[in-house]
Amino acid sequence: DVKVTQSSRYLVKRTGEKVFLECVQDMDHENMFWYRQDPGLGLRLIYFSYDVKMKEKGDIPEGYSVSREKKERFSLILESASTNQTSMYLCASSFRDSQYFGPGTRLTVL
Amino acid sequence: AQTVTQSQPEMSVQEAETVTLSCTYDTSENNYYLFWYKQPPSRQMILVIRQEAYKQQNATENRFSVNFQKAAKSFSLKISDSQLGDTAMYFCAFMIPGGYQKVTFGTGTKLQVIP
């Protein structure tokens, strides 16, 4: 079975802090994605990566950056967290047109 | 750009009954995939069913089936013999094959199965 893990299930940070969310997949998938999930808005794509060190902006990249130094690991970075970044963050990897999701990180920014 | 619309934010169904979740989409592409994903409370999102646009036959997975109407750009999910474990958020999703495999999701339908 494909396994996608995320470093934290719950995270509480303060405004202005730098926040790292980590995602690891164990199936050698090339494509990885970061979404945020908000009630009534569904999943919105923040960034995705199609290979090591390669990244593309999604629909809502403002305030975020990403890093992919190794194929299995894709990190989402909030350079200076703000309250409007309080959300559920989902990581996914994809293979043959199917996406495999991690458990999500519920981030609260105070 | 593709859009996916789920017009039912919440639904409920009695256990053992049948329920249909609606989804419409908009695209100018002719070849694409459609999906239904399920997100149970506090659990990981999983793929329920997928449909390839070039296939006329509706996809079926056990108690889950779809009604794919390409001309109407409609893709509904039918759950038969609903079970308590079907309680979840359901997301309709769209993807153009190849490339970066980017997926566009709808806003979701929260389904509650009532005992």
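Residues numbered from 1 in each chain as written. Chains lettered and ligands numbered in written order. Predicted model: local features only at pLDDT ≥ 70, side-chain atom pairs only at ≥ 80, totals over all residues. Heavy atoms only, no water.

1. Here we look at the overall build of chain B
Move 1: Each helix and strand counted, chain B has 0 helices and 12 strands in total.
Move 2: Beginning at the N terminus, the succession of helices and strands in chain B can be written as β-β-β-β-β-β-β-β-β-β-β-β.
Move 3: Relative to the 2.2 N^0.38 estimate, which gives 13 Å for 115 residues, the radius of gyration of chain B is 14 Å and therefore close to what a compact globule would have.
Move 4: Projected onto the principal axes, the alpha-carbon positions of chain B cover approximately 40 × 30 × 20 Å.
Move 5: With 115 residues in all, chain B has 46% of them scored as buried.
Move 6: The long-range fraction of contacts in chain B, counting pairs at least 24 apart against all pairs at least 6 apart in sequence, stands at 55%. (Helix = DSSP H or I, 4+ residues; strand = E, 2+ residues; numbered from the N terminus. Rg over C-alpha atoms; globule rule 2.2 N^0.38 Å. Buried < 20%, exposed > 50% of the residue type's maximum accessible area, 1.4 Å probe, protein only. Contact = heavy atoms within 4.5 Å.)

2. Describing the nonpolar core
Move 1: Counting residues in hydrophobic clusters, the biggest one holds 25 residues, and the most contacted among them are Tyr25, Trp36, Phe75, Leu77 and Tyr90 of chain B.
Move 2: Discounting chain neighbours no more than four positions away, the residues touching Tyr25 of chain B are Thr3, Val4, Tyr32, Leu34, Phe68, Gln69, Lys70, Lys73, Ser74, Phe75 and Phe94 of chain B.
Move 3: Ranked by size, the runner-up nonpolar core spans 20 residues in total, among them Val19, Met32, Tyr64 and Leu76 of chain A. (Core = buried A, V, L, I, M, F, W, Y, C linked by side-chain atoms within 4.5 Å.)

3. Regarding the pairing of strand β9 (residues 87–95) of chain A
All names here are of chain A.
Move 1: With 8 of 9 residues buried, β9 lies mostly within the body of the structure.
Move 2: Across 7 bridges, strand β4 (residues 31–38) lies against β9 in antiparallel orientation. Following the sheet pairing, Trp34 is matched in β9 by Cys91.
Move 3: Where β9 meets strand β11 (residues 105–109), 3 bridges bridge the pair, whose relative direction is antiparallel. The residue bridging Tyr89 from the neighbouring strand is Thr105, located in β11.
Move 4: Relative to strand β10 (residues 98–101), β9 runs antiparallel, the two being bridged by 4 bridges. Bridge assignment links Ser93 to a residue of β10, and that residue is Tyr100. (Pairing = 2+ DSSP bridges.)

4. Section: the state of the cysteines
Residues and elements named next belong to chain B.
Move 1: Tallied over the full model, the rule gives 2 disulfides over all chains.
Move 2: A disulfide bridge connects Cys23 with Cys92, and the sulfur atoms are separated by 2.0 Å. Taking the torsion about the sulfur-sulfur bond, which here is approximately -70°, the covalent link between Cys23 and Cys92 counts as left-handed. Of this pair, Cys23 sits in the loop between β3 (19–21) and β4 (24–26) while Cys92 sits in strand β10 (residues 88–95), placing them 69 residues apart in sequence. With respect to burial, Cys23 and Cys92 carry one shared label: buried. (Disulfide = S-S within 2.5 Å.)

5. Some words on unusual backbone geometry
Move 1: Notably, Lys53 of chain A is not glycine yet its phi reads approximately 65°, a positive angle.
Move 2: Position of Lys53 of chain A relative to the elements: it lies in the loop between β5 (42–51) and β6 (54–57).
Move 3: Of note in the backbone geometry, Ser42 of chain B takes a positive phi value of approximately 60° without being a glycine.
Move 4: For Ser42 of chain B, the location among the structural elements is in the loop between β5 (33–39) and β6 (46–52).
Move 5: On the accessibility criterion, Ser42 of chain B (60% relative accessible area) is exposed.

6. Some remarks on the interface of chain A and chain B
Move 1: Facing 24 residues of chain A, the contacting portion of chain B comprises 21 residues.
Move 2: A buried area of about 1,800 Å², summed over both sides, lies between chain A and chain B, and 51% of it is on carbon and sulfur atoms.
Move 3: On the chain A side of the contact with chain B, Leu43, Asp97 and Phe101 of chain A bury the most area, a combined 33% of that side's loss.
Move 4: At the junction of chain A and chain B, the tally comes to 0 salt bridges.
Move 5: Connecting chain A to chain B are 9 residue pairs in polar contact (both at pLDDT 80 or more).
Move 6: Where the side of chain A that touches chain B is concerned, the elements lending two or more residues are β4, β5, β9 and β10 of chain A.
Move 7: Across the side of chain A that touches chain B, the residue classes break down as 12 nonpolar, 8 polar and 4 charged. (Buried area = accessible area lost by both parts, 1.4 Å probe. Salt bridge = Lys/Arg side-chain N within 4 Å of Asp/Glu carboxyl O. Polar contact = N/O pair within 3.5 Å; in protein donor to acceptor, adjacent residues only side chain to side chain. Nonpolar A, V, L, I, M, F, W, Y, C, P; charged D, E, K, R; others polar.)

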